[in-house]
Amino acid sequence: MNKVAVIGLGASGLCALRHLTARPNVFQAVAFEQNSEVGGTWLYTPRIHKHDNGVRVHSSMYQNLKHYSIPNIPEIPGLKQFEGSFLHSHDYRVPEVFKGKTVLCLGGGASGIDIAMDLTSQAKKVFLSHRGKQITSPLPENLEETVEIKSFSENFVNLKDGRDLEVDTVIFCTGYKYDFPFLTKECNLNITDGRVYPLFKHIVHAKHPSLNFIGVTKKVCPFPTFHCQVQFMMANLDGSMKLPSYEEMLQDIEKDYETRRNEGMPHRHTHTMVGRKQWDYNDDITSMAETRPISKQVRDLFDKIHYTRINNLLEYKKYNYYLKNDNYVGVQN
Ligand SMILES: Cc1cc2nc3c(=O)[nH]c(=O)nc-3n(C[C@H](O)[C@H](O)[C@H](O)COP(=O)(O)OP(=O)(O)OC[C@H]3O[C@@H](n4cnc5c(N)ncnc54)[C@H](O)[C@@H]3O)c2cc1C
Ligand SMILES: NC(=O)c1ccc[n+]([C@@H]2O[C@H](COP(=O)([O-])OP(=O)(O)OC[C@H]3O[C@@H](n4cnc5c(N)ncnc54)[C@H](OP(=O)(O)O)[C@@H]3O)[C@@H](O)[C@H]2O)c1
């Protein structure tokens, strides 16, 4: 009997638990969840900071929109002198709190864009400061894209292009840090600026292959990806999939890393699956585990919604999709 401990019951852990418990002759699973309820990020709570039991509030979906609980707040000169307020997207819940205010969101990931858009219904003016490509979608009139922040002074946010912006609040939409504080040093897990090492196929600890991580990959179609990663983990644990040797796994990890670096991706994007990467990755892990890959329909739907979002942030949530002759057709509400 294969005894498995599942730590955390967010979408990843629930998916693992569901599949492990479906095979009671092979796996005996026990799950640990620090909260009183399961669901992780998908469990909306208006609370911020701590629960009644003293446990830190895990990241929660912000209201009306729709793994990590350690916010990444960059060290930017002058932040201590800044007299405006600031928070991390982790603690953002509703836009009403910012009625009539001027707010700057730092970070152009999904949180930055979602929160900036959400704020425009209440805030007087919203700045979205980021270092990514310029947004192609039309934006609300009171939302302006800017370059990155250089520094803070008492009353201003100083941008890298020399502009000084007077803002009431800065929201750091700068992502999360990987953190597994319950793993001892003997687990040999090394986390450096967004890279969790050594994870074979972003899942299996190469040195301790019975230690598996679901959901480390970023910018993926989350639930179907977790499903495939769980199948990969189970094929590893039940022995139906033979892993390469330790040295071969390290080489594979290095190859994946080097390919990314050669493509211009920074170290912090070691687990980011941009563009086709997530589908190639999915084909790779499902072919190794001899399980079904994410279906063409789900891939097409993900790509279609992603495309619509990029090009039309104002309208994309109004579309419903249906499948017609193997193609998704979007219908506006
Ligand atoms: C603000 C935000 C919005 C998002 N929006 C979307 C979206 O709209 N659509 C989408 O598809 N994806 C979205 N995502 C991506 C999201 O990360 C995934 O959808 C998914 O929730 C990740 O699941 P997870 O189980 O890996 O992590 P989580 O959902 O973070 O769950 C981890 C669980 O582990 C528990 N835990 C942590 N430490 C311990 C411990 N020491 N002991 C026991 N339990 C522990 C936590 O309490 C939590 O329940 C969003 C992410 C964020 C941060
Ligand atoms: N609607 C949705 O589907 C949804 C909503 C929210 C979150 N999510 C998911 O949840 C996860 C977390 O998303 P997230 O947006 O919170 O975090 P994220 O994807 O890690 O994005 C963080 C953003 O902050 C930027 N950043 C970090 N440090 C910075 C600095 N010092 N200066 C300037 N910019 C900085 C990053 O830029 P670089 O890229 O250059 O590092 C990136 O644009 C992701 O997997 C995301 O897909 C999904």
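One can find the structure itself at the top, above this paragraph.
Summarised in this report is the structure supplied together with it. All values derive from a computational prediction rather than experimental measurement.

**Overview of the overall build of the protein**
When helices and strands are tallied, the protein shows six helices and 18 strands. Relative to the 2.2 N^0.38 estimate, which gives 20 Å for 333 residues, the radius of gyration of the protein is 21 Å and therefore close to what a compact globule would have. By its C-alpha atoms, the protein is 60 × 55 × 45 Å across when sized along the principal axes. Residues classed as buried in the protein amount to 28% of the 333 residues present.

**Quick word on the pairing of strand E9 (residues 156–159)**
Across three bridges, the pairing between strand E8 (residues 149–152) and E9 is antiparallel. Residue Phe-152 lies in a different strand from E9, and its bridge partner there is Val-157. Here E8 folds back onto E9 in antiparallel fashion, the turn holding three residues. The pairing of E9 with strand E10 (residues 164–166) spans three bridges and is classified as antiparallel.

**Comments concerning the sheet that holds strand E7 (residues 143–146)**
A sheet is described by the order of its strands in space; here five strands give the open sequence E4-E11-E5-E6-E7, paired in parallel fashion. The open sheet terminates on both sides in strands that have one partner only, identified here as strand E4 (85–88) and E7. For this sheet, the mean angle separating the axes of adjacent strands, direction not counted, is 20°. As paired strands, E4 and strand E11 (residues 169–172) are joined by four bridges and run parallel to one another.

**With respect to the environment of Glu-166**
Mapped onto the secondary structure, Glu-166 falls in strand E10. Along the backbone, Glu-166 and Thr-102 are 64 residues apart, and their C-alpha atoms lie at a distance of 7.8 Å. Sequence-distant contacts of Glu-166, that is, excluding residues within four places in its chain, are made with Thr-102, Asn-155 and Phe-156.

**Digging into the sheet that holds E9**
What the three strands build is an open sheet, ordered E8-E9-E10; its pairing is antiparallel. Across the chains shown, the open sheet's two edge strands, defined by having one partner strand only, are E8 and E10. Each adjacent strand pair in this sheet contributes to an overall mean axis angle of 30°, direction not counted.

**Description of the nonpolar core**
Within the largest apolar cluster, 27 residues are counted, with the highest numbers of intra-cluster contacts made by Ala-16, Phe-200, Ile-203, Ile-214, Val-230 and Met-233. Secondary structure elements with two or more residues in this core: strand E1 (2–7), helix H1 (11–21), strand E15 (199–200), helix H3 (222–237), helix H4 (246–262) and helix H5 (277–289). Contact partners of Val-230, with chain neighbours within four places excluded, come to Cys-15, Ala-16, His-19 and Ile-214. Residues Leu-104, Ala-123, Leu-143 and Ile-149 belong to the second largest nonpolar core, which totals 25 residues.

**Points about the site of ligand 2**
Taken together, 20 residues are adjacent to ligand 2, and Pro-74, Gly-107, Gly-109, Ser-111 and Gly-175 come closest. Of the residues assigned to the shell around ligand 2, the class counts are four nonpolar, ten polar and six charged.

**Points about the pairing of strand E6 (residues 125–129)**
A large share of E6 lies buried, amounting to four of its five residues. Strand direction decides the pairing type here: strand E5 (residues 102–106) and E6, joined by five bridges, are parallel. If you follow Val-103 over to E6, its bridge partner there is Val-126. Once the chain exits E5 it traverses helix H2 (residues 110–119) before rejoining the sheet at E6, and the crossover so formed is right-handed. Note that E6 and E7 share four bridges and pair parallel.

**A look at unusual backbone geometry**
Working note: non-glycine residues mostly have negative phi, and peptide bonds are mostly trans. A cis geometry characterises the amide bond from Tyr-197 onward to Pro-198, with omega recorded as 0°. Following the sequence through the fold, Pro-198 ends up in the loop between strand E14 (195–197) and E15. Positive phi values are uncommon outside glycine, yet Asp-193 reaches one of about 35°. Assessed through the 11 C-beta atoms surrounding it within 10 Å, Asp-193 is described here as exposed. Residues other than glycine seldom take positive phi values, yet Asp-326 does so here, at roughly 70°. With respect to the element layout, Asp-326 can be found in the loop between strand E17 (319–324) and strand E18 (327–332).

**Here we look at the packing of H1 against H3**
In contact at an axis separation of 9 Å, H1 and H3 are set at 45° when each is read in the N-to-C sense. Relative to H3, the element H1 is oriented oblique. Crossing of H1 against H3: the hand is right-handed. Only Pro-222, Phe-223, Phe-226, His-227, Val-230, Met-233 and Met-234 of H3 make contact with H1, whose side of the interface consists of Ala-11, Ser-12, Cys-15, Ala-16, His-19 and Leu-20. Taken together, the residues of the contact of H1 with H3 break down into ten nonpolar, three polar and no charged.

**Notes on H4**
Over its 17 residues, H4 runs 24 Å from end to end, which matches the ideal 24 Å to within 8%, given 1.5 Å per residue. Taken from the residues just after H4, Gly-264 is the one with a positive phi, measuring 95°.

**Side note on H1**
Burial runs high along H1: eight of the eleven residues are buried. If you check which residues of H1 are buried, you get Ala-11, Ser-12, Gly-13, Leu-14, Cys-15, Ala-16, Leu-17 and Leu-20. Of the surrounding secondary structure, the elements contacted by the buried residues of H1 are E1, strand E2 (27–32) and H3.

Cut-off values and rules
Residues numbered from 1 in each chain as written. Chains lettered and ligands numbered in written order. Predicted model: local features only at pLDDT ≥ 70, side-chain atom pairs only at ≥ 80, totals over all residues. Helix = DSSP H or I, 4+ residues; strand = E, 2+ residues; numbered from the N terminus. Rg over C-alpha atoms; globule rule 2.2 N^0.38 Å. Buried ≥ 20, exposed ≤ 12 C-beta atoms within 10 Å, placed from the backbone. Pairing = 2+ DSSP bridges. Axes fitted to C-alpha atoms, helices over the stretch in contact; angles between N-to-C directions. Contact = placed C-beta atoms within 7 Å. Core = buried A, V, L, I, M, F, W, Y, C linked by C-beta atoms within 7 Å. Near = placed C-beta within 6 Å. Nonpolar A, V, L, I, M, F, W, Y, C, P; charged D, E, K, R; others polar. Right-handed = clockwise from strand over helix to strand, strands pointing away. Parallel < 35°, antiparallel > 145°, perpendicular 65-115°, else oblique. Left-handed = near helix turned anticlockwise from the far one by under 90°. Expected span 1.5 Å × (residues − 1).

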